[in-house]
Amino acid sequence: MATRVERINNVLQAELTPIHLDIINESHMHNVPKESETHLKVVVVSSKFNGVPLVRRHQKVQELLKPELDTGLHALSIVARTEAEWEKTKTVPASPNCQGGFGK
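In what follows, the accompanying structure is described. Quick caveat: nothing in here was measured; it's all calculated off a predicted structure. (Residues numbered from 1 in each chain as written. Predicted model: local features only at pLDDT ≥ 70, side-chain atom pairs only at ≥ 80, totals over all residues. Heavy atoms only, no water.)

Counting secondary structure elements, the chain contains four helices and three strands. Carbon and sulfur atoms make up 53% of the accessible area of the chain, which totals about 6500 Å². (Helix = DSSP H or I, 4+ residues; strand = E, 2+ residues; numbered from the N terminus. Areas by Shrake-Rupley, 256 points an atom, 1.4 Å probe, with all protein chains shown as cover.)

Right, here's the structure in full:
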């Protein structure tokens, strides 16, 4: 059985044909069981985002990943860029530390 990260990779590769795709499991930064895949950051760069407003890019990624969001993916951070935007700066801001959860 494929992991959540593998399933997300497959969907985004098939639907967005990205030139860059990084799926970062940030679950370890939160109060969840070890090996969880509940908090992810997706960095996706695709020509399919050309001329598409940022909010619509995010909506598209969320739409594609709805089955995962409906079955245990708790938090999804999205960086969705065009190739031109990616070329300007190939960096992604660090995610903030967890501010809540049962461990606080």
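From this point, things continue past the structure.
With respect to the element layout, Arg 81 can be found in strand S3 (residues 75-81). One buried charged residue, Arg 81, forms no salt bridge at all, with the nearest opposite charge on Glu 85 at 5.7 Å. A distance of 3.0 Å separates a polar side-chain atom of Arg 81 from the backbone oxygen of Thr 89. If near-sequence neighbours (up to four positions away) are discounted, Arg 81 is found in contact with Val 44, Val 45, Ser 46, Phe 49, Arg 57, Trp 86, Thr 89, Thr 91 and Pro 93. (Buried < 20%, exposed > 50% of the residue type's maximum accessible area, 1.4 Å probe, protein only. Lys, Arg positive; Asp, Glu negative; His and termini not counted. Salt bridge = Lys/Arg side-chain N within 4 Å of Asp/Glu carboxyl O. Polar contact = N/O pair within 3.5 Å; in protein donor to acceptor, adjacent residues only side chain to side chain. Contact = heavy atoms within 4.5 Å.)

The biggest cluster of nonpolar side chains holds 15 residues, and the ones touching the most others in it are Ile 8, Leu 12, Leu 16, Val 42, Val 44 and Val 61. With residues near it in sequence (within four places) discarded, Val 44 still touches Leu 16, Pro 18, His 20, Leu 21, Phe 49, Val 61, Val 79, Ala 80 and Arg 81. (Core = buried A, V, L, I, M, F, W, Y, C linked by side-chain atoms within 4.5 Å.)

You will see that Thr 17, though not glycine, has its phi angle at about 35°, which is positive. By relative accessible area, which is 47% here, Thr 17 ends up partly exposed.

This part is about the sheet that holds S3. Taken in spatial order, the three strands make up an open sheet running S1-S2-S3, and their pairing is mixed. The outermost strands of the open sheet, each flanked by one partner alone, are strand S1 (20-25) and S3. Strand-to-strand twist in this sheet, taken as the mean axis angle between neighbours without regard to direction, amounts to 10°. Where S1 and strand S2 (residues 39-45) come together, six bridges link them in antiparallel fashion. By the bridge assignment, His 20 is partnered in S2 with Val 45. Helix H2 (residues 54-64) contacts S2 and S3 of the sheet and is inclined by roughly 130° relative to S3. (Pairing = 2+ DSSP bridges. Axes fitted to C-alpha atoms, helices over the stretch in contact; angles between N-to-C directions.)

What is shown is where atoms sit, not what they do.
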